[in-house]
Amino acid sequence: MPRNTVRHLNKLAWMNEVLDIDTLKLTDIIWPGAHNCGMDKKAPNYDVLIGHWTTCQNDTFSWQLAQGVRAF
């Protein structure tokens, strides 16, 4: 019977855990990404009325990086 193991994902250093990453081509990696990452609700110029139609993210650029996003 297969054993299910739960492993914590280190979102800040996930690339260190990819085996032989230094031998892979950029096209061989699936990059976690975010679209319109600079259009977030925590931006200094966020406007509540217009921002509702223009924002795509709830949190900051740096927060997205901390969550593992590597393609912007």
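Up top is the structure.
Now for a description of the structure that goes with this document. Note that the structure is a prediction, hence the values are computed from the model and not measured.

Parameters and conventions
- Residues numbered from 1 in each chain as written.
- Predicted model: local features only at pLDDT ≥ 70, side-chain atom pairs only at ≥ 80, totals over all residues.
- Heavy atoms only, no water.
- Helix = DSSP H or I, 4+ residues; strand = E, 2+ residues; numbered from the N terminus.
- Buried < 20%, exposed > 50% of the residue type's maximum accessible area, 1.4 Å probe, protein only.
- Contact = heavy atoms within 4.5 Å.
- Areas by Shrake-Rupley, 256 points an atom, 1.4 Å probe, with all protein chains shown as cover.
- Polar contact = N/O pair within 3.5 Å; in protein donor to acceptor, adjacent residues only side chain to side chain.

**Notes on the overall build of the protein**
- Per the secondary structure count, the protein includes 2 helices and 0 strands.
- Taking all 72 residues of the protein together, the buried fraction comes to 18%.
- Contacts in the protein between residues far apart in sequence, at least 24 positions, make up 40% of those at least 6 positions apart.
- Just so you have it, the protein exposes about 6300 Å², and 59% of that area is on carbon and sulfur atoms.

**A few points about the environment of Lys 42**
- Along the chain, Lys 42 falls in the segment before helix 1 (48–54).
- When its relative accessible area of 51% is taken as the criterion, Lys 42 is described as exposed.
- Along the sequence, Lys 42 and Thr 55 sit 13 residues apart, while their C-alpha atoms lie 9.7 Å from each other.
- Not counting residues within four places of it along the chain, the set of residues in contact with Lys 42 comprises Asn 58, Asp 59 and Thr 60.
- Looking at Lys 42, its side chain comes within polar contact range of the side chain of Asp 59, at 3.4 Å.

**Structural notes on the side chain of Asp 59**
- Along the chain, the position of Asp 59 falls in the loop between helix 1 and helix 2 (61–66).
- The class of Asp 59 is buried, set by a relative accessible area of 18%.
- Excluding its chain neighbours within four sequence positions, the residues that come into contact with Asp 59 are Asp 40, Lys 42 and Gln 64.

Purely geometric stuff here, so don't read any function into it on its own.
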